[in-house]
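Residues per chain, in single letters:
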Amino acid sequence: MHIHDFIRRMPKVELHVHLEGSIQPATLLHLAERNHVSLPAQTVEDLRTWYQFSDFNHFIEVYLAICSCIRSADDLELIATEFIKDRAAQNIRYSEVIYTPFTHLPHIPLDDQLSAINQARQKGFAKYGVRISMAPDISREMRPIEDSQMIARWAIKNRDNGISSLGLGGPEVDNPPELFTETFKIAREAGFPATPHAGETMGPVSIWGAIRSLNAVRIGHGVRCLEDASLVEYLKKTQIPLEVCPSSNVCLKVVPSLAEHPLPRLLEAGLFVTINSDDPPMFNTDLTQEYLRITDQFNFSVTQIKQFVFNAIQVSLQSEAEKQVLKKEFTDQFDILQK
Ligand SMILES: [Zn+2]
């Protein structure tokens, strides 16, 4: 079997993908219309043009405009349902899904948000056998900081109700992780995992902050760690995983091109890497495409691709028993595909 076919059909796990950033353009137009929100683009094609990112600030602007189209629990259930359907189409058996509850709070109470998402989760599992769990994130621009602590407490309270970690997202520049030390201390004291973004638009200092002040169990992106040899050494020693999102890095100009992406250097340095799609339609990609693109660009073998997939299982936040089940299922499916 050609490696492309192998990648398309293989079972997958994704650990860094945003619910709001996964809304397909057609669905976004539908939501904008039913909620009377005016977007700067009125067709799928124009939306794709609007998604061409000049910089991270434009990306945040687009992201907030997308969020403004979500006005009800039904909207959240719809996007979660479509998200899970897409997971099934890509054979992504398990995903940890970032979403930003505070953004929707003016229109939808937190518990109603989660109920809507959980409806979709349960139906999606019944229909496709696909599982997702949620990683609510805090925007780095959130003030007062007490609001972020409210989100942290709510996430922890729902740890057995579909929530698996606490994230941190939004503009890294001018918003260092240390601002949220107290917020993530609440999580740490409850033994609840932190999965912040860091080392994307800011360099090593932001990654160090995520590790030291937020107790990060994984780093969202982290690709800029290579700028600090002592950090690389630390990440190698601790094997704190990086959630690498190649096309996102190219679109947001973290790297000039896929050819110049540091992925091979991260592997050479002995770091723990997983592959992810971040905000797939916004970056004109999906997880399958990410695997295809890096394979074509860097000549990865089937063995390396399988390693990325097993890496994602290993550092997911499922129970050990769930990981073992998935590992067995994936091993069997890989064997069949390689026959
Ligand atoms: Zn992200």
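Up top is the structure these notes are about.
Residues numbered from 1 in each chain as written. Predicted model: local features only at pLDDT ≥ 70, side-chain atom pairs only at ≥ 80, totals over all residues.

Asker: Just checking my understanding: could you explain helix α15 (residues 302-314) for this structure?
Answerer: Residues three or four positions apart in an α-helix share a direction because the helix packs 3.6 residues into each turn. In this model α15 runs 18 Å from its N-terminal to its C-terminal C-alpha over 13 residues, within 8% of the 18 Å that 1.5 Å per residue would give. Here α15 has its buried residues at Ile305, Phe308, Val309, Ala312 and Ile313. For α15, the angular spread of buried residues about the axis comes to 145°, placing them on one side. Tucked inside the fold, the buried residues of α15 contact α1 (3-9), β1 (12-18), β8 (273-275), α14 (287-298) and α16 (320-338). (Helix = DSSP H or I, 4+ residues; strand = E, 2+ residues; numbered from the N terminus. Expected span 1.5 Å × (residues − 1). Buried ≥ 20, exposed ≤ 12 C-beta atoms within 10 Å, placed from the backbone. Arc of directions from axis to C-beta. Contact = placed C-beta atoms within 7 Å.)

Asker: Explanation requested: the nonpolar core in the structure shown.
Answerer: Most often, soluble globular proteins keep nonpolar side chains buried together rather than apart. Of all hydrophobic cores here, the largest spans 86 residues; its most connected members are Leu76, Ala80, Val97, Ile207 and Val309. The contact partners of Leu76, leaving out residues within four places of it in the chain, are Ile70, His104, Ile108, Gln113, Ala116 and Ile117. (Core = buried A, V, L, I, M, F, W, Y, C linked by C-beta atoms within 7 Å.)

Asker: How do you make sense of the sheet that holds strand β6 (residues 219-221) when you look at a structure like this?
Answerer: Sheet strands pair by backbone hydrogen bonding; their relative direction is either parallel or antiparallel. Across the sheet, four strands lie side by side as β5-β6-β7-β8; this open sheet has parallel pairing. At either margin of the open sheet sits one strand with a lone partner, and together these are β5 (197-198) and β8. In the sheet, strand β7 (residues 242-244) pairs with β8 via three bridges, with the strands oriented parallel. Residue pairing for β8: Glu243 is matched across the bridge by Thr274. (Pairing = 2+ DSSP bridges.)

Asker: I'm lost on the sheet that holds strand β2 (residues 92-99) in this one. Help?
Answerer: Taking strand neighbours across the sheet as the criterion, the four strands line up as β1-β2-β3-β4 in an open arrangement whose pairing is parallel. Single-partner strands in this sheet number two, and they are β1 and β4 (167-169). Averaged over all neighbouring strand pairs, the angle between strand axes comes to 30°, with direction disregarded. (Axes fitted to C-alpha atoms, helices over the stretch in contact; angles between N-to-C directions.)

Asker: Can you help me understand the pairing of β1 in this one?
Answerer: Every regular strand shows the same layout, with side chains that alternate between the two sheet faces. Of all the seven residues making up β1, seven are buried; the element is thus mostly covered by neighbouring parts of the structure. In this structure, β1 lies alongside β2, joined through five bridges in parallel fashion. Paired with Lys12 across the bridge in β2 is Ile92.

Asker: Would you mind going over the packing of helix α5 (residues 73-89) against helix α7 (residues 110-128) with me for this structure?
Answerer: Following both chains from N to C, one finds α5 and α7 inclined at 30°, their axes separated by 8 Å at the closest point. As judged from the angle between their axes, α5 and α7 are roughly parallel. In terms of crossing hand, the pair formed by α5 and α7 is right-handed. Residue-level inspection shows Ala73, Leu76, Glu77, Ala80, Thr81, Ile84 and Ala88 of α5 in contact with α7, the latter providing Asp112, Gln113, Ser115, Ala116, Ile117, Gln119, Ala120, Arg121, Lys123, Gly124 and Tyr128. Of the residues assigned to the contact of α5 with α7, the class counts are nine nonpolar, five polar and four charged. (Parallel < 35°, antiparallel > 145°, perpendicular 65-115°, else oblique. Left-handed = near helix turned anticlockwise from the far one by under 90°. Nonpolar A, V, L, I, M, F, W, Y, C, P; charged D, E, K, R; others polar.)

Asker: Which parts of the structure should I look at to understand the packing of helix α8 (residues 145-157) against helix α9 (residues 181-189)?
Answerer: Think of two packed helices as two axes; the pair is described by the angle between the axes and how far apart they sit. Running from amino to carboxyl end, α8 crosses α9 at an angle of 15°, the nearest separation of the two axes being 9 Å. Overall, the two elements α8 and α9 adopt an arrangement that is roughly parallel. For the pair α8 and α9, the sense of crossing is right-handed. Taken together, the residues of α9 that come into contact with α8 (itself represented by Ile145, Ser148, Gln149, Ala152, Arg153 and Ile156) are Glu182, Thr183, Ile186 and Ala187.

So far we have only geometry, and geometry alone does not tell us how the molecule works.
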